[in-house]
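# Descriptive analysis of the structure
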Amino acid sequence: MNDTTPAILLTEATASAYVAASGFRVGPVGRVGVELEYCVRDPRRPLHRPAPGRLLGLLAHLGNPLPGGSSVTIEPGGQLELSSAVGADMDACVAALAGDLALVRAGLAEHGLFLEGTGLDMVRRPRLVTDHPRYVALAEYHDRAGTRGRTVMTNSASIQVCLDSGTEGAEADEWSHFARRWWLADAIGPVLMAAFANSPHVTRAGRRWASYRQALRFGTDASRTRAPRRTADPRTAWARYALAAKVAMVAPDDFDATTDPAAGERWLVPSGLTMRDWLRGHGPRPVTLTDLERHLGTLVPPVRPRGYLELRMIDQQAGDDWVVPVAVVTSLLDDPEGAQAAADATEHLRSPLRRHRDWLGAARDGLADPALAAAALACFTAAQSVLARREAPLAVRDAVAQFVDRYVLRGRCPADDARHDRDRRVRVVSTG
């Protein structure tokens with residue numbers, strides 16, 4: 001699906017059916033994909049944002065896709081994103097992506113640039129580095145409610161782990177079933193958010209956040225950022241969520257992604273228009289399949305079904321610790337014993353009537369919350385058992401073990417390191 005797809009007009013019924021079917025494509029589980037976002041920094045010019053053309057030019061000699069199959073794209077604030085090829089399993093995906101990431105880091109280092117391993121750039125003011133009408137319209141949509149949305153667009157960086165949706169049929173009581181996988185991904189999501197929180201911030205009101213990236217995201221349009229309600233039928237729940245979400249942009253009828261977007265017409269930014277409203281005739285024109293797909297691409301709940309499950313709640317990590325969430329997530333969702341252990345570990349966290357509170361608490365407190373800390377320890381311990389039993393690469397097992405020792409066993413998360421370093425710098429400056 002792309003912007004050159006023929007204009008297929010939709011009704012509310014056909015749109016709902018399409019969203020439900022396309023969100024969960026069923027089949028055997030085990031494949032893994034990873035997207036790594038990084039803020040790119042130049043130590044010599046701390047406030048500078050390297051232009052997208054320059055970044056792509058510096059890496060052009062490596063090819064795109066890169067030798068390991070990863071593609072390189074630039075996000076609207078100049079963040080560099082590496083999207084892995086879909087690996088047959090976690091081992092293959094991590095090995096290929098690690099090789100591509102090493103090439104990118106080396107290519108940028110030759111020109112004095114580096115990839116920052118944090119979830120949020122708190123130094124540079126939010127600024128778009130693209131004039132593509134899609135991002136210009138999305139920024140305008142967010143700006144109506146303040147600066148949070150633009151900050152997330154331009155200054156945030158995450159690790160997105162993508163797994164198969166799951167199976168269906170007679171295996172409804174097994175952890176590979178798509179409905180149970182959706183439920184489990186949602187159940188462990190706050191634990192993952194808390195354990196990998198890496199964007200600390202204290203607001204002017206004095207509220208401390210371990211993952212301010214997520215706090216900002218949740219503070220934008222709730223219809224497009226909160227987790228869908230958990231029901232027995234995730235397909236219906238997702239379709240209802242998508243159609244109830246507000247539409248952020250409407251492209252011109254004649255928009256063609258193959259031409260220069262900067263030369264085209266400005267996109268419409270509606271106010272309060274939901275996709276259901278638009279499908280019922282209250283929008284500027286009839287809804288096409290391309291419009292619906294573009295709308296689905298702007299929805300950013302913590303777990304997003306896009307034919308596969310896309311876990312979006314994990315902040316970017318320092319160094320090569322991006323491997324840890326990939327290993328933990330696959331161990332807890334793709335292995336039956338790991339899945340059962342994760343379900344047991346999160347039993348005491350489930351509050352479906354107040355689910356958003358759970359997500360906010362994880363973003364605010366990290367593993368300082370005793371309940372989250374206990375669940376994280378059980379989940380990470382289960383993941384380590386799965387990795388050992390499956391004889392995962394030693395480097396991966398070591399990375400997980402070091403993360404557990406440094407953070408999980410101590411009820412800490414990476415944000416605590418960043419806070420400590422910042423406080424230490426403040427003390428040094430204040431004492432002269």
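## A few points about the overall build of the protein
Regarding its fold elements, the protein presents 17 helices and nine strands. Across its three principal axes, the protein shows a C-alpha extent of roughly 60 × 55 × 50 Å. Among the 432 residues that make up the protein, the fraction classed as buried is 54%. Within the protein, contacts between residues separated by at least 24 positions form 75% of all contacts whose residues are at least 6 apart in sequence. Across the protein, the 53 positively charged side chains and the 51 negatively charged ones have centroids separated by 7 Å.

## Details of the confidence of the model for the protein
Residues shown with low pLDDT carry predicted positions that ought not to be read at fine detail. Scored by pLDDT, the protein has a mean of 93; 92% of the residues are at 70 or more. For residues 425–432, every residue scores under 50 in pLDDT, and the model assigns this stretch one contact once sequence neighbours within four places are set aside.

## Some words on unusual backbone geometry
In this structure, proline 65 follows asparagine 64 across a cis peptide bond, with omega equal to 20°. Here proline 65 shows up in the loop between α2 (52–59) and β2 (71–74). One non-glycine residue with positive phi stands out, namely glutamate 391, at about 55°. Mapped onto the fold, glutamate 391 is located in the loop between α15 (370–389) and α16 (394–406).

## A few points about the pattern of salt bridges
All chains considered together, the criterion is met by 31 salt bridges. For arginine 406, the salt bridge identified is with aspartate 417, shortest N-O distance 2.9 Å. Remark: aspartate 417 occurs in helix α17 (residues 414–431) and arginine 406 occurs in helix α16; sequence separation between them is 11 residues. Taking relative accessible area as the criterion, arginine 406 reaches 47% and is therefore assigned partly exposed. Via salt bridges that share partners, Asp186, Arg230, Arg355, Arg357 and Asp358 belong to a single interconnected network.

## Examining the packing of aromatic side chains
Summed over the entire model, instances satisfying the criterion amount to eight aromatic pairs. Aromatic rings pair up to connect Phe196, Phe380, Phe403 and Tyr407 into one cluster. The positively charged end of arginine 180 is found above the aromatic ring belonging to tryptophan 175, 3.8 Å away from the centroid. The positively charged end of arginine 235 is found above the aromatic ring belonging to phenylalanine 178, 4.3 Å away from the centroid.

## Overview of the packing of helix α4 (residues 133–143) against helix α5 (residues 148–155)
At a minimum axis distance of 7 Å, the contact between α4 and α5 shows a crossing angle of 145°. In contact with Tyr135, Leu138, Ala139, His142 and Asp143 of α4, α5 contributes Gly149, Arg150 and Met153. In terms of residue class, the contact of α4 with α5 is made up of four nonpolar, two polar and two charged.

## Here's the deal with the side chain of serine 70
Turning to its location among the elements, serine 70 is positioned in the loop between α2 and β2. By relative accessible area, serine 70 is classed as buried at 1%. Of note is the side chain of serine 70, whose polar atom sits 2.7 Å from the side chain of aspartate 100. Apart from the residues lying within four places of it in its own chain, the contact partners of serine 70 are Asn64, Pro65, Leu82, Ser83, Ser84, Ala85, Leu97 and Asp100.

## Describing the side chain of threonine 220
Within the element layout of this structure, threonine 220 appears in the loop between α7 (212–218) and α8 (222–225). Relative accessible area serves as the criterion here: at 16%, threonine 220 is assigned to the buried category. Engagement of the side chain of threonine 220 in a polar contact is seen with the backbone oxygen of arginine 217, the distance being 2.6 Å. Setting aside anything within four residues of it in sequence, one finds threonine 220 in contact with His142, Arg148, Gly149 and Thr225.

## Concerning the pairing of strand β1 (residues 32–41)
In terms of burial, β1 is largely enclosed, as 10 of its 10 residues are buried. The pairing of β1 with strand β3 (residues 80–83) spans four bridges and is antiparallel. Paired with tyrosine 38 across the bridge in β3 is leucine 80. The sheet contact formed by β1 and strand β4 (residues 114–116) spans three bridges and is antiparallel. Within the sheet, the bridge partner assigned to valine 40 lies in β4 and is leucine 115.

## Brief notes about the environment of phenylalanine 255
Considering the arrangement of structural elements, one finds phenylalanine 255 in the loop between α9 (234–244) and α10 (275–282). According to the relative accessible area criterion, phenylalanine 255 is buried, its value standing at 16%. Distance in space between the C-alpha atoms of phenylalanine 255 and isoleucine 8 is 15 Å, their sequence separation being 247 residues.

Cut-offs and rules
Residues numbered from 1 in each chain as written. Predicted model: local features only at pLDDT ≥ 70, side-chain atom pairs only at ≥ 80, totals over all residues. Heavy atoms only, no water. Helix = DSSP H or I, 4+ residues; strand = E, 2+ residues; numbered from the N terminus. Buried < 20%, exposed > 50% of the residue type's maximum accessible area, 1.4 Å probe, protein only. Contact = heavy atoms within 4.5 Å. Lys, Arg positive; Asp, Glu negative; His and termini not counted. Charge placed at Lys NZ, Arg CZ, Asp CG, Glu CD. pLDDT = per-residue confidence, 0-100. Salt bridge = Lys/Arg side-chain N within 4 Å of Asp/Glu carboxyl O. Phe/Tyr/Trp six-rings, centres within 6.5 Å; stacked < 30°, edge-to-face > 60°. Lys NZ or Arg CZ within 6 Å of the ring centre and 35° of its normal. Axes fitted to C-alpha atoms, helices over the stretch in contact; angles between N-to-C directions. Nonpolar A, V, L, I, M, F, W, Y, C, P; charged D, E, K, R; others polar. Polar contact = N/O pair within 3.5 Å; in protein donor to acceptor, adjacent residues only side chain to side chain. Pairing = 2+ DSSP bridges.

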